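Take a look at the letters that make up each chain.
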Amino acid sequence: MLPRTMSRWSPETRERARRILARYPEKRSAVMPLLYLAAAEDGHLTPEGMEEVARWVGLTPAQVQSVASFYTMYKRERTGRYLVSCCTSISCMLLGADEVLAAVEDEAGVPAGETDDEGVITVEHVECIGACGGAPALQVNYELVEGVTPDTARELIRWLRSASPEAVHTDEMQELFGTRRSFDWAVPERVGAVGPFPAFEPYGTTDGNP
Amino acid sequence: MSDHVTVTIDGRKLEVPAGELLIEAAQEHGTYIPRFCWHPRMKPVGMCRMCLVELETPRGPAIVTACTTPVSDGMVVHTRNETVQRMQEGVLEFLLINHPLDCPVCDRGGECPLQDHVMAYGPGESRFVEEKRHFEKPIPISELVLLDRERCILCARCTRFSEEISGDPLIEFTDRGNGVHIATFPDLPFSSYFSGNTVQICPVGALTATAYRFRARPWDLEAVESTCMHCTAGDRINLQASHNEVVRILGVDVEPTNQGWLSDRCRFGFQYVGSPDRLTVPLIRDAEQGHTEVTWSEALDLAATRIGEVLAGSGGQSVAVLGGARLTNEDAYALSKFARVVLGTNHVDAQMDDGLDPQFLAATVDRALISDLDSAKAILVWGPDLKEEHPTLYLRVRRAAQELGAALVVVHPRRTGLDDRATHKLTYRPGEGADLLTELVAGSGRASQARQALAEGPVVGLVGRTGYGEDPRLAEAVAAFVRTLPDARILPLARRANIYGALDMGLAPTLLPGRVSVGGEGARSIAEAWGGLAEHPGLDTRGILEAAAAGDIEVLFLVGADPLRDVPDGALARRALERVPFVVAIDQFLTDSSRLADVVFCADGFAEKEGTVTNLEGRVQKVNRIVPGPGQTRPDWSILDDLARRLGVELGFGSAEAISKEIADVAPAYRGVTWDRLDWEERDGIVVPDGGEAPLRFVPADTPGTRAGGDLVLHLARVMYDDGVTVRHSPSLAGLAPGAAVHLHPDDAARLGLASAETARVVTEQGEATLPIRLDDTLHRGVVYVPFNQPGMPPLGPGPAVTVTPA
Ligand code: SF4
Ligand code: FES
Ligand code: FES
């Protein structure tokens, strides 16, 4: 079994972890929110982060890895400041997603699944992101842009590099790079590529503090 | 019959127990439903879909998995109609999309459930032409097990085993989805004591054992059922050999003992049998040349002459016999009779200073069966760490606590493998067990909740010595306490091989065959049958070694015994062996001790002879022969028979089976135990009646306690992999010993100025060693834990007083 080593987490993160654990009658139920904490702590989900979560919830690291590796949104590799997720599912594909993805890869200088050397942009292709009405669609740090073309996608990447926005917002990006829009997308949220995840606020991952 | 329901399976109306799973109910009535993921000892998951059957329901036919569907009254089931056949074909065609057809080079080929099912239920041809999945192959998931991910059919048997049965879930499905595969965490291998079981239950060749990989094909194997002789649970095994070499051991699923499981030590620890280091000829030592090879008659003549001289001079009092726990009952009986009748001595001990009273181990009253654990309401484990010393018993206790709802109280000086399942865990310093027992008896102090947990019966107490620093009488006092609990039964714990059989055959200073006390009632009839008995009081191992070191023992027999490594006080053993003028060893290897012997007889060992063994319940089972012994080895009984004849006594042993008949005649507890019954109608063994002539001596009221002087106490305890002969000579296991180390609580380490030190000097009354430090915050404060007999470790002695200083 694992040696009981000291926590690597900051006191604040540990306090947050304690509060998350307190929400569940079974410790192991807290594995997912704690994985977000671990990812936010290290910039992505590291083996050390998974071991730490395992100790908190009383599972083995192998079991935690099993959960973490099921979800693509737990990034287990270094992820750039901006995560560009291009949808390649059927609606988007029919309306030119492959060209959009190729343009993004070319402009970013990395193939899907990888991060540029500067650590600014990570490109990935994803399954349907629920924006079929505005296909082809992509997301930057999970903020949606609909109706992109290969050209506007290139502009988007250049803009991310040059303007280096503190936080990206759907409305702003849609204005600049989008065309068709399926419907109005909620309130802007201030998120990074690996969290915090406002959608998980009820589970305590953001600590009321997105 | 309200607890039964009527179901119709393939047109046959059957009465089956209510609530049973369809797959089981069908099988009990001769209808085999194919399966991969379902395993009778684990919970169903319905992963593989191989067991699909069709039910007739009011809403029309329904397809269900037979492994997750309980029978219900009036159920009508089809297991082989056209729909089902088409589904079976479909499932198999899908499984073969990715499964490689490398059967000719796969260890499983010839005994592979997937191969068999494809032949029996498959479509015969695949429509898939796409490329199969590829992985690096094979990858080690532990020192003993390799994983070929391409072959895996994702049945989750191995992962469920590790979680449900062995309790160390270090393998899991990873990258669930199209790329799903079994994986360990990086740098955290599946180093389970039970990893080999996953190889046995994997329905394909995805998991293979390094010890067996590419060694044989199933159709080349000879096999015989036997009993494992590593620990004392008496696990049923299937012993398999190819070309006169043992190549594999599988667990046999029997209800009374191991339920199919084995520890890796039992599964892979057979390799020593075929070791090139085995003794193959008798040896004689002379001062100049060391050991030289001789003929059997030369060796026997020399031994007989020297023994004869000593017997004529100072008599049986100055002759002693150590060892015998590795023998079968037949050989142990022969040794017991040889010692009492030919050597005229009661200085006989198979328990290499493990310290427990032989009467307590062999003659416990209210002795439990292993299966009593399944129905226990509460279980008390106050003894060795079961995971280290009684691995399959550990699985059974774990299951009782985890799946069957028993309350589990564990008492031990440090963490044990059962702690995560214990409802109450108490730690203490060796030597202070008596105080804790007093609290437990009174239900006071920190033991009050544990006491409450033991209030409802049936209770099973597993009682033994936690380590060598513990007063051995404590275990008896604990057992006496257990007897006061409601509906209580006791399993006395000792760990060496056939120790219970050896004690039952009288390999103890105070016991004669059949648990008859030396000097007791029954001794007279044994004296009559044997034509004489030794008269003087016998010494136990410690007494024998002390007498030998003082020069009072002139001939010492070591029978499969290596006191230099195997008794806690190794330094005393060395003084003894160096002082005894004539040492006779009967052994399979030249051990540190037999290297000092004047005559060494080479003996047959496990898998090379037939006989019986007795487990910790008192269950007598057969061990069987599958290979011949190497070179000129002989069975122990026949060596002793020849030696006796040269000393003018006819022991009359014709064969091991003849000896078993003599045991049944002479040893009261063994009446009616015959090889015939064990081979045929009683394959799961015969449990001989419990009890003996002498009751427990110690009760909680007068609990003893040896207190160490200083503030530190040594906890010297055995672990699964040590430097004993069987592990050392089994290449697969030899590297697994954790290594010599001293474990300290971080607080103690800080107090001793060792917080950042790498090594420490550990000194007891009997020895000293410089050992690497391991910090362990599960230790009770003041306890210094050292695993016993690790490679390269000098004898430290049992303590219990110990000092630890910077090296
Ligand atoms: S390795 Fe074997 S036992 Fe484990 S999931 Fe794969 S097929 Fe099943
Ligand atoms: S297919 Fe792209 S958003 Fe649905
Ligand atoms: S055996 Fe029933 S689904 Fe696998």
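Residues numbered from 1 in each chain as written. Chains lettered and ligands numbered in written order. Predicted model: local features only at pLDDT ≥ 70, side-chain atom pairs only at ≥ 80, totals over all residues.

Enquirer: For this particular structure, what's the right way to read the overall build of chain A?
Expert: The secondary structure content of chain A amounts to eight helices and four strands. A total of 210 residues make up chain A; the buried ones form 44% of that total. Sequence separation of 24 or more characterises 61% of the internal contacts of chain A that already satisfy a separation of 6 or more. (Helix = DSSP H or I, 4+ residues; strand = E, 2+ residues; numbered from the N terminus. Buried ≥ 20, exposed ≤ 12 C-beta atoms within 10 Å, placed from the backbone. Contact = placed C-beta atoms within 7 Å.)

Enquirer: Please clarify how the overall build of chain B should be interpreted in this entry.
Expert: Along chain B, the regular secondary structure elements total 26 helices and 36 strands. A compact globule built from 807 residues should have a C-alpha radius of gyration of about 28 Å, and chain B, at 28 Å, falls within 12% of that. Seen along its three principal axes, the alpha-carbon backbone of chain B occupies a region of about 90 × 60 × 55 Å. Put simply, chain B has 807 residues, and 57% of those count as buried. (Rg over C-alpha atoms; globule rule 2.2 N^0.38 Å.)

Enquirer: Could you clarify how one ought to interpret the sheet that holds strand 1 (residues 82-87) of chain A in this entry?
Expert: Sheet strands line up and pair through hydrogen bonds in the backbone, either parallel or antiparallel. All names here are of chain A. Pairing within the open sheet is mixed, and its four strands lie in the order 2-1-3-4. Every interior strand has two partners, whereas the edge strands, strand 2 (121-126) and strand 4 (143-146), have only one. Across the sheet, the mean angle separating the axes of adjacent strands is 25° when strand polarity is ignored. Here strand 3 (residues 137-140) pairs with strand 4 via four bridges, running antiparallel. Note that in strand 4 the partner of Val 140 across the bridge is Glu 143. Strand contacts of helix 6 (residues 97-108): strand 1, strand 2 and strand 3, with the helix running at about 155° to strand 1, the strand carrying the most contacts. Across the sheet, helix 8 (residues 170-177) is in contact with strand 3 and strand 4; its angle to strand 4 comes to roughly 20°. (Pairing = 2+ DSSP bridges. Axes fitted to C-alpha atoms, helices over the stretch in contact; angles between N-to-C directions.)

Enquirer: Would you take a moment to explain the domain arrangement of chain B for this structure?
Expert: One frequently used descriptor of interface size is the decrease in accessible area upon assembly of the parts. Residues and elements named next belong to chain B. Each domain of chain B was delimited in the assignment, giving domain 1 (4-80), domain 2 (283-354 + 499-673), domain 3 (360-493) and domain 4 (713-806). For domain 2 and domain 4, the distance between their C-alpha centres works out to 32 Å. In this complex, domain 2 contributes nine residues to the contact, which on the side of domain 4 involves 10 residues. Looking at the side of domain 2 that touches domain 4 element by element, the count peaks at three residues for helix 20 (residues 570-579). (Domains from an automatic or database assignment.)

Enquirer: Honestly, the environment of Ala 656 of chain B in this entry has me stumped. Any pointers?
Expert: All names here are of chain B. Its location among the elements puts Ala 656 in helix 22 (residues 656-666). Judged by the 23 C-beta atoms lying within 10 Å of it, Ala 656 falls in the buried class. C-alpha of Ala 656 to C-alpha of Val 91: the two residues are 565 residues apart in sequence and 53 Å apart in space. Apart from the residues lying within four places of it in its own chain, the contact partners of Ala 656 are Glu 330, Lys 609, Glu 610, Gly 611, Pro 635 and Trp 637.

Enquirer: It is not clear to me how the interface of chain B and chain A should be interpreted in this structure. Could you clarify?
Expert: If you look at the interface, chain B gives 13 residues, while chain A gives 10 residues. Element by element, the count of residues in the side of chain B that touches chain A is highest for strand 8 (residues 171-174) of chain B, at four residues. Of the residues contributing to the side of chain B that touches chain A, the split by class is seven nonpolar, two polar and four charged. (Nonpolar A, V, L, I, M, F, W, Y, C, P; charged D, E, K, R; others polar.)

Enquirer: Whenever I open this one, the confidence of the model for chain A confuses me. Can you help?
Expert: Detailed reading of the predicted model is not advised wherever pLDDT is low. Of all residues in chain A, 84% attain a pLDDT of 70 or more, and the chain-wide mean is 87. Ranking the elements of chain A by mean pLDDT puts helix 8 of chain A last, at 89, and helix 6 of chain A first, at 97. (pLDDT = per-residue confidence, 0-100.)

Enquirer: Even after reading the chapter, I still don't get helix 15 (residues 473-483) of chain B, so can you show me in this structure?
Expert: For an α-helix, 3.6 residues make a turn, and residues three or four places apart therefore share a direction. Residue and element names in this part refer to chain B. Burial within helix 15 is extensive, with 10 of its 11 residues counted as buried. For helix 15, the set of buried residues is Arg 473, Leu 474, Ala 475, Glu 476, Ala 477, Val 478, Ala 479, Ala 480, Phe 481 and Val 482. Buried residues belonging to helix 15 abut helix 9 (358-363), strand 18 (378-382), helix 13 (433-442), strand 21 (459-464) and strand 22 (488-493).

Enquirer: Help me out: how do you make sense of the packing of helix 8 (residues 329-342) of chain B against helix 22 of chain B in this one?
Expert: Each pair of packed helices gets described by two things: the angle between the helix axes and the distance between those axes. Residue and element names in this part refer to chain B. Following both chains from N to C, one finds helix 8 and helix 22 inclined at 70°, their axes separated by 9 Å at the closest point. The orientation of helix 8 with respect to helix 22, classified from their angle, is roughly perpendicular. Residue-level inspection shows Asn 329, Glu 330, Tyr 333 and Ala 334 of helix 8 in contact with helix 22, the latter providing Ala 656, Ile 659, Ser 660 and Ile 663. By residue class, the composition of the contact of helix 8 with helix 22 is five nonpolar, two polar and one charged. (Parallel < 35°, antiparallel > 145°, perpendicular 65-115°, else oblique.)

Enquirer: Which parts of the structure should I look at to understand the sheet that holds strand 20 (residues 424-426) of chain B?
Expert: Residues and elements named next belong to chain B. Spatial strand order, 20-19-18-21-22: five strands in an open sheet with parallel pairing. This sheet does not close on itself; its edge strands, each paired only once, are strand 20 and strand 22. The mean inter-strand angle of the sheet, taken between neighbouring strand axes irrespective of direction, is 10°. Pairing geometry for strand 21 and strand 22, over six bridges, is parallel. Bridge assignment links Gly 461 to a residue of strand 22, and that residue is Ile 490. Along the sheet face, helix 15 touches strand 18, strand 21 and strand 22 and points at about 175° away from the line of strand 21.

Enquirer: I tried to follow the packing of helix 1 (residues 11-22) of chain A against helix 2 (residues 31-42) of chain A on my own but got confused; where do I start?
Expert: All names here are of chain A. Look at helix 1 against helix 2: their axes get within 10 Å of each other, and the N-to-C directions meet at 170°. In terms of their interaxial angle, helix 1 and helix 2 are classed as roughly antiparallel. Facing Thr 13, Arg 16, Ala 17 and Ile 20 of helix 1, the residues of helix 2 in contact are Pro 33, Leu 34, Leu 37 and Glu 41. Across the contact of helix 1 with helix 2, the residue classes tally to five nonpolar, one polar and two charged.

Enquirer: Explanation requested: unusual backbone geometry in the structure shown.
Expert: What you tend to see is this: most non-glycine residues have negative phi, and most peptide bonds are trans. Residues and elements named next belong to chain B. Note the cis peptide between Lys 137 and Pro 138, where omega equals -20°. Turning to its location among the elements, Pro 138 is positioned in the loop between helix 3 (113-121) and strand 6 (139-140). Between Gly 457 and the following residue, Pro 458, the backbone shows a cis peptide bond with an omega angle of -5°. Position of Pro 458 relative to the elements: it lies in the loop between helix 14 (448-453) and strand 21. Even without being glycine, Asn 789 reaches a positive phi, approximately 50°.

Enquirer: What exactly am I supposed to notice about the site of ligand 1 here?
Expert: Taken together, 13 residues lie around ligand 1, and Cys 152, Cys 155, Cys 158, Cys 202 and Ala 206 of chain B are the ones closest in. Split by residue class, the shell around ligand 1 holds 12 nonpolar, no polar and one charged. (Near = placed C-beta within 6 Å.)

Enquirer: What is the right way to read the pairing of strand 12 (residues 236-242) of chain B from this model?
Expert: Two faces make up the sheet, and in a regular strand the side chains alternate between them. Residue and element names in this part refer to chain B. Across the seven residues of strand 12, five count as buried, placing the element largely inside the fold. Bridge count for strand 11 (residues 222-227) against strand 12 is six bridges, and the pairing is antiparallel. The residue bridging Ser 226 from the neighbouring strand is Ile 237, located in strand 12. Note: strand 12 against strand 13 (residues 245-251), six bridges, orientation antiparallel. Pairing of Ala 241 across the sheet is with Val 246, part of strand 13.

Enquirer: How do you make sense of the pairing of strand 3 of chain A when you look at a structure like this?
Expert: Residue and element names in this part refer to chain A. A two-sided burial pattern is seen for strand 3, the buried positions comprising Ala 137 and Gln 139 on one face and Leu 138 and Val 140 on the other. In this sheet, strand 3 lies alongside strand 1 in antiparallel orientation, the contact comprising three bridges. Across the sheet, residue Val 84 finds its bridge partner in strand 3, namely Val 140. Where strand 3 folds back on strand 4, the antiparallel hairpin that results is connected by two residues, among which Asn 141 adopts a positive phi of roughly 45°.

Enquirer: Sorry, what's going on with the environment of Ser 85 of chain A here?
Expert: Residues and elements named next belong to chain A. Note on placement: Ser 85 falls in strand 1. Under the C-beta neighbour-count criterion, Ser 85 is labelled buried, with 24 such atoms within 10 Å. For the pair Ser 85 and Thr 60, spaced 25 residues apart in the sequence, the C-alpha separation amounts to 31 Å. Ignoring anything within four residues of it in the chain, the contact list for Ser 85 reads Glu 124, Val 126, Ile 129, Leu 138 and Gln 139.

Enquirer: What exactly am I supposed to notice about helix 13 of chain B here?
Expert: All names here are of chain B. By the burial criterion, the buried members of helix 13 are Gly 433, Ala 434, Leu 436, Leu 437 and Leu 440. Projection of helix 13 onto a plane perpendicular to its axis shows the buried side chains occupying an angular sector of 160°, all on one side. For helix 13, the secondary structure elements touched by its buried residues are strand 19 (407-411), strand 20, helix 14 and helix 15. One or two positions beyond helix 13, positive phi appears at Gly 443, with a value near 65°. (Arc of directions from axis to C-beta.)

Enquirer: In this structure, what is going on with the nonpolar core? I would like to understand it.
Expert: Across soluble globular proteins, nonpolar side chains have a tendency to be buried as a group. One finds Ile 379 and Val 397 of chain B to be the most contacted residues of the largest nonpolar core, which totals 232 residues. If near-sequence neighbours (up to four positions away) are discounted, Ile 379 of chain B is found in contact with Leu 373, Val 397, Ala 400, Ala 401, Ala 406, Leu 408 and Val 460 of chain B. (Core = buried A, V, L, I, M, F, W, Y, C linked by C-beta atoms within 7 Å.)

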